[in-house]
Amino acid sequence: MTEYGPLKLHVPEPAVRPGGTPDFASVRIPRAGSVARPPVDADAETIRDLAYSIIRVLNRDGEAVGPWAGLLSDEALLAGLRDMMTLRAFDARMLMAQRQGKTSFYMQHMGEEAVSCAFRTALLPGDMNFPTYRQAGLLIAAGHSLVDMMCQIYSNEKDPLKGRQLPVLYSSKEDGFFSVSGNLATQYIQAVGWAMASAIKGDTKIAVAWIGDGSTAESDFHAALVFASTYKAPVVLNIVNNQWAISTFQGIARGGSGTFAARGLGFGIPALRVDGNDYLAVHAVACWAAERARRNLGPTLVEHVTYRVGAHSTSDDPAAYRPKTESDAWPLGDPVIRLRNHLTRRGVWSEDRHRQTEAEIMDTIMAAQREAESHGTLHAGGRPSMRDMFEGVYAKMPPHLRRQRQMAGV
Amino acid sequence: MTEYGPLKLHVPEPAVRPGGTPDFASVRIPRAGSVARPPVDADAETIRDLAYSIIRVLNRDGEAVGPWAGLLSDEALLAGLRDMMTLRAFDARMLMAQRQGKTSFYMQHMGEEAVSCAFRTALLPGDMNFPTYRQAGLLIAAGHSLVDMMCQIYSNEKDPLKGRQLPVLYSSKEDGFFSVSGNLATQYIQAVGWAMASAIKGDTKIAVAWIGDGSTAESDFHAALVFASTYKAPVVLNIVNNQWAISTFQGIARGGSGTFAARGLGFGIPALRVDGNDYLAVHAVACWAAERARRNLGPTLVEHVTYRVGAHSTSDDPAAYRPKTESDAWPLGDPVIRLRNHLTRRGVWSEDRHRQTEAEIMDTIMAAQREAESHGTLHAGGRPSMRDMFEGVYAKMPPHLRRQRQMAGV
Amino acid sequence: MARKTMIEAIRDAMDVMMGRDDDVVVFGEDVGFFGGVFRATQGLQAKYGTRRCFDTPISELGIVGVAVGMAAYGLRPCVEIQFADYMYPAYDQIVSEAARLRYRSNGQFTCPLVVRMPTGGGIFGGQTHSQSPEALFTHVCGLKTVVPSNPADAKGLLIAAIEDPDPVIFLEPKRLYNGPFDGHHDRPVTPWSNHELGEVPEGHYVVPLGTSAIRREGSALTILAYGSMVHVAMTAAAETGVDAEIIDLRTLLPLDLHAIQASVRKTGRCVIVHEATLTSGFGAELSALVQETCFYHLEAPVVRVAGWDTPYPHAQEWDYFPGPGRVGRALLETMAA
Amino acid sequence: MARKTMIEAIRDAMDVMMGRDDDVVVFGEDVGFFGGVFRATQGLQAKYGTRRCFDTPISELGIVGVAVGMAAYGLRPCVEIQFADYMYPAYDQIVSEAARLRYRSNGQFTCPLVVRMPTGGGIFGGQTHSQSPEALFTHVCGLKTVVPSNPADAKGLLIAAIEDPDPVIFLEPKRLYNGPFDGHHDRPVTPWSNHELGEVPEGHYVVPLGTSAIRREGSALTILAYGSMVHVAMTAAAETGVDAEIIDLRTLLPLDLHAIQASVRKTGRCVIVHEATLTSGFGAELSALVQETCFYHLEAPVVRVAGWDTPYPHAQEWDYFPGPGRVGRALLETMAA
Ligand SMILES: Cc1ncc(C[n+]2csc(CCOP(=O)(O)OP(=O)(O)O)c2C)c(N)n1
Ligand SMILES: Cc1ncc(C[n+]2csc(CCOP(=O)(O)OP(=O)(O)O)c2C)c(N)n1
Ligand SMILES: [Mg+2]
Ligand SMILES: [Mg+2]
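As the structure is a prediction and not an experimental result, all values here were calculated from the model. (Residues numbered from 1 in each chain as written. Chains lettered and ligands numbered in written order. Predicted model: local features only at pLDDT ≥ 70, side-chain atom pairs only at ≥ 80, totals over all residues. Heavy atoms only, no water.)

### Some thoughts on the pattern of salt bridges
Close approach of charged atoms lets side chains of opposite charge pair. Inclusion rule: What makes a salt bridge here is a side-chain nitrogen of Lys or Arg within 4 Å of a carboxyl oxygen of Asp or Glu, nothing more. Strands here are runs of E lasting at least two residues and helices are runs of H or I lasting at least four, both read from the DSSP assignment and numbered beginning at the N terminus. Each residue's exposure class comes from its accessible area (1.4 Å probe, protein chains only) as a fraction of the maximum for that residue type: buried when under 20%, exposed when over 50%, partly exposed otherwise.
Summed over all chains, the structure comprises 80 salt bridges over all chains. A salt bridge links B:K201 to D:D23, with the nearest nitrogen and oxygen atoms 2.5 Å apart. Of this pair, B:K201 sits in the loop between α5 (186-200) and β2 (207-212) while D:D23 is found in the loop between α1 (6-20) and β2 (24-28), placing the two residues in two different chains. Taking the relative accessible area as the measure of exposure, B:K201 reaches 29% and is therefore partly exposed. Notably, a salt bridge pairs D:D248 with D:R215, separated by 3.0 Å at the nearest N-O pair. Of this pair, D:D248 sits in strand β11 (residues 244-248) while D:R215 sits in strand β9 (residues 213-216); the two residues are 33 residues apart in sequence, bridging distant segments of the chain. A relative accessible area of 0% places D:D248 in the buried class.

Structural data, given as structure tokens:
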């Protein structure tokens, strides 16, 4: 044996820190249209390279190109733009409402709107999402009531969740949106179980799981891959890689693997990376993965490559851990602008229509907000009752909780 | 959208069940010597195929062939054979002791002796194994006291663990053998932490983690891969794929991935499969992986392909879940016979020497057993005290435990 | 009616429910083809197919996690954790998810899930095959926790658990699987076939969750016990001659506080027995409740007899197990107080 | 000496120990560059380098799992779980591994490990940023459990915890980080700079684990409290005029039973207060112990005031939090009993 030098702990560091100049030179961005579109029943082994590339449809000139293009009509695309604009405006208003003390907390989607908005359009009634706190686009694209969402955020008397949950942890069985947990990743394995249940019953519904880049380190992620792989569950496993997990850059969770999608390879699960800021690409990949699930071909892992433009939540300021201008340097651009450019290029959109739509959306949201606020905000007006606090722990209230409710005098 | 048929749950099944004819035709066994030996600093991306092949040195004729051969002297090989024979004889005696009611429980290694015995010889003083219950070969090859091991199995008055642990859950800091947990997989992530500690301190010691095929489904396995990948921990991550997890065939844990080694690919961790019944191959791969760790090149994942010939433990009978003759059909043969044939071929071994050695080993073990039994067995003779039960929960006994010990009258 | 072991009664409950309700599914490690390491699910896969009863990877998190998803879908999973000692990897899914899903979604999603697990010592299983973690469940609102002490109850309680609209933790004292073990480890155990509670009704019946049973009427002292400790208590009472009233709690949460109160107000004395470690065990809650609701009737301190605050040792198993000797001493001391 | 907030005191403890002992390492989610979401580790990475203080992947299991391995190696990891509500994924490593390593290896391997985690509500964090899981640790032999109520104690206790040869769970009531919050959420909180226990000695000192402190002497009744409830209790006593003796337990395990006994034997009455849900909370153990050791001195039932047995709600936070109103009522009722 030879002599060995002292070992050294390797701790990954982001390319730049506050004060530095943002630099995404190391992020390899393939040309739009350059990635092949395999048949949905392709053997996972033959398409491993999809885990290391990025499927993109919209090119720099706003054209839709390549084998993943051509799936959406003008109308569908216009609706998509409206969804993303609505989500962005909703975020802006709610962020302000939080600053005004109308609620305790808020989380926005800035820069990631395409991911959930586009994905939703690949789903059928009965399908179920198991989302994180950053997929409100699934609700908006489903036409869910903005007032209900706001009432949840305000924890007011009309809050569908009776004030029990933190803002933005929505739940809507009707719109295929599973109750969001405050605990990261837990819903990933539940999605697999839900999908297995559908298969056990011989139904046709599929499940869609959502997780952040940082949260892939959690145990539930592994369990989900193991069970999905073993039982070929009809589920789409989404990873939203927005480059950050609060203050922690994605290199800490990703480690030495090239990509998060690569995690699927060890399970024989087809794994794709998609340009998460490209509405058309997300939609196309979502359809492909959903189709696999519906045809009983099993799970698909999808890494959405995007960027969290805003703060993690209203509780942090990203200037403390990354350069202020980092989001400007993000090479995949802004999803709203990119779709808008594409629609303009298609000849169905204009500066004017855009401004007009923006104004319409703002009107709708302001009206919703007025209505929601008429039912109260966190610290003022109507609120859920103390009785609501004791209800629903069990289907039927057990004696000890009845005693406690009596003690509380309600 | 098209119409979709009903979904169906896929539940993997082994090729045969009791009553059927064992068939390993689907197990691809590459020719000995056919797998390349990359430099230890090879990029993980360039050696992905090692996760889908099997590194083998001993061919059918008992010759050591190919790029992984030639690392061991006659003496080392003779010692290796003796270690494996000792482990097998030790198992046979202790299995019988359990049947005689001298202890509660036992777990044997039959068929898997090469894995731990050969691996141990790649380690240096100070290195630490984080073993499961089926790596006693690490102790035997380290020359650990057989009497001490037996006293642990008997939970007698000389039990180094004072009767507190189930038989075979040994612990020996001195011989680089971390306390075995009754909880599967938990030690895998601890090994990574131990290795990180060595790197933090600038030491040269490395850690070796062990897990069974079935247990790779546990969360700790994922955590270990994540942390090892991120911090490039100096650790070798072993998976002992002995085809079974109690009654469950490896397809349930492995799911749709081709191999367990493939799990490493998504983490950028070099992943190798090795013929676990080939002493020389295991040794060579162990050296390669240990060398990577010592040179600060980070973790390596090693899948040892072997077969559990015996029952899972003394608590089950495999005839209930697999054909009785399945072990005879196992294509990688028996590790003792294969090394013996190789040594014979090398001209340093004979039928006579083998029989003589067998007898010597049996003498040693019987003598050890007599000595161990002189200190008691589980239900007879010397036993650890009731005081021992109260000691060691904390470094210093807190008041409430002192009170309880007094109540117990000891 | 037929005499059955507790394992047979438990299997029978699952069989009955799988037969009645296509939404009942059963899975866990070694649960499918093999029928479980304690054979609780033997024959169910052959009878109902791999779709309804199957083996899982060794991931307790995964087992409970997929079960939560299935329950939310509308199934009624009844899953097995091979030993209670191995439930910790699933604890997050149980506590943060199963227990809170109804509440946090305001009833949009619910979790009718049963998690079965063998508990307790007495089989020389050492520290990782002997634990009794009931207190880790009773502290978690949203869960129900059940511990049967005999075959007849085990079947009725398990059926009630499977039919319950909320998650139920079903703890099976493994030392009772084959007979009413009373802690006298040096004597042969009566098989359930010789015990009246081994008489298990055929078909569907329910022992409602939240109801206790008086196993022995008495006037001198109340013993609160569950699982194997019920039999230990019976023996201790018989051996000491203390005229104890023995309440088999059966369900720890919801708890039959009325029955406890009625008995302790009558006897004025109370001894609580469990096998789990003493500190912060479920006995603490029982002691607090008895004291809070019967303070003016108490003639002696409420006493707890429990496992010591050490891991469950292998060799010293019978020093650890709170057998009839220790319980008997507590009875006599409480009578003398 | 300088006035410090509790967060500063906690940071100071780690700083002192990292300075004194090269084996002390600090890590967790967002703990490195950013200095933790509550800023407890701010500046430590800059001062001691990434080798001693670093960010981890989001895996509580991984954080504690690697810490156990490091502790076995000989380091003294002091790790952060971002919120106590997220400790469940690490619970197996804490219970089955950290707590039992010394025992099961007969001292060959030990686990000098500190797991810090913010607990309790009062910041509108909803059910997953408000929990107080102390009872889930006190039931586990092999662990020590600490809950400081002020900056001076927090620093001395954390230093003691880091120097302890065994695993210590260090629970930080997050609502106390910036001041001695007493439950009157509608009033401004006094900052620690105006409170005498905000006076934090420089450098190294220890508050020994297992020692309580009397925060208010009194003769009418004993209040057992810890963490934020100490301040709630102080306010309730002042507002009701009940001459309560208030014991700040500081360490739940090992528990300073002598001090509790001495006080209750003197006062004859006892009220226990905690924020965690009532059933099987640590109050149950305290109630049982008081009753067992002071039975003949008790003039009224021992009363528990605690969080309700529901998940911690968002909107109804102040209905849930056991504030001075509820505690005050319990004091008056106990005096009247
Ligand atoms: C189990 C658990 N651990 C920690 C947290 C605290 N936490 C909330 S969000 C977050 C970062 C998540 O990052 P990522 O998964 O990348 O999602 P993103 O916020 O970027 O969408 C952390 C650590 C939590 N909620 N749950
Ligand atoms: C956390 C946990 N879950 C379940 C068990 C029960 N158990 C003991 S061994 C075993 C099978 C392990 O199989 P594998 O990992 O393939 O190892 P092998 O026995 O084949 O060496 C199981 C399920 C356990 N000990 N710990
Ligand atoms: Mg992220
Ligand atoms: Mg195996």
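### Examining the site of ligand 2
Selection rule: Here a residue is considered near a molecule or strand provided that any single heavy atom belonging to it is located within 4 Å of it. Pairing of N or O atoms within 3.5 Å defines a polar contact, subject to two protein rules: one partner must be a possible hydrogen donor and the other a possible acceptor, and residues neighboring in sequence count only if both atoms are side-chain atoms. Computed with a 1.4 Å probe, the accessible areas rest on the Shrake-Rupley method; for each residue, only the protein chains presented here act as cover. Think of it as three bins: nonpolar holds Ala, Val, Leu, Ile, Met, Phe, Trp, Tyr, Cys and Pro, charged holds Asp, Glu, Lys and Arg, and polar takes everything else, Gly as well.
Around ligand 2 sit 20 residues in total, of which B:Y133, B:R134, B:D213, B:S215 and C:E60 are the nearest. Flanking ligand 2 are residues from chains B and C. Here a nitrogen atom of ligand 2 and a backbone polar atom of B:G182 are 2.9 Å apart. A distance of 2.6 Å separates a nitrogen atom of ligand 2 from a polar side-chain atom of C:E60. When the free accessible area of ligand 2 is taken as 590 Å², the share hidden by the protein chains comes to 95%. Residue composition of the shell around ligand 2, by class: seven nonpolar, eight polar and five charged.

### Digging into unusual backbone geometry
Cis geometry is found at the peptide bond from C:L253 to C:P254, where omega equals 0 degrees. For C:P254, the position within the fold is in the loop between β12 (251-253) and α9 (257-267). Its identity as a non-glycine residue notwithstanding, A:V168 has a phi of 70 degrees, on the positive side. Taking the relative accessible area as the measure of exposure, A:V168 reaches 1% and is therefore buried. A positive phi is found at A:I246, a non-glycine position, where the angle reads about 45 degrees. Following the sequence through the fold, A:I246 ends up in the loop between β4 (244-245) and β5 (248-249).

### Details of the sheet that holds strand β4 (residues 76-80) of chain D
Residue and element names in this part refer to chain D. To keep it simple, the criterion reads: Two strands qualify as a pair provided DSSP detects at least 2 bridges between them. Axes here refer to lines fitted to C-alpha atoms; in helices the fit is confined to the stretch in contact. Angles between the N-to-C directions go from 0 to 180 degrees.
The mixed open sheet is built from seven strands, whose spatial order is β3-β2-β4-β5-β7-β6-β12. Among the strands making up the open sheet, the edge pair consists of β3 (53-55) and β12 (251-253). Along the sheet, successive strands turn relative to each other by an average axial angle of 20 degrees, direction set aside. By the bridge criterion, two bridges tie strand β6 (residues 144-146) to β12 in an arrangement that is antiparallel. The partner of T145 across the bridge, within β12, is L253.

### Focus: the relation of the copies chain A and chain B
Put simply, the test is: A least-squares superposition brings the copies together, and it is based on the C-alpha atoms of residues with pLDDT no lower than 70 in both. Note on definitions: a residue-residue contact is assigned when non-hydrogen atoms from the two residues lie within 4.5 Å.
Overlaying chain A on chain B yields an RMSD of 0.0 Å, the required transformation being a rotation through 180 degrees with an accompanying axial translation of 0.0 Å. The two molecules are tied by a two-fold rotation axis, judged by turn and shift. For chain A, the minimum C-alpha distance to the rotation axis belongs to A:S219 and amounts to 2.4 Å. Counting the interface residues of chain A, we find that 100% of their copies in chain B are interface residues as well, pointing to one common contact surface.

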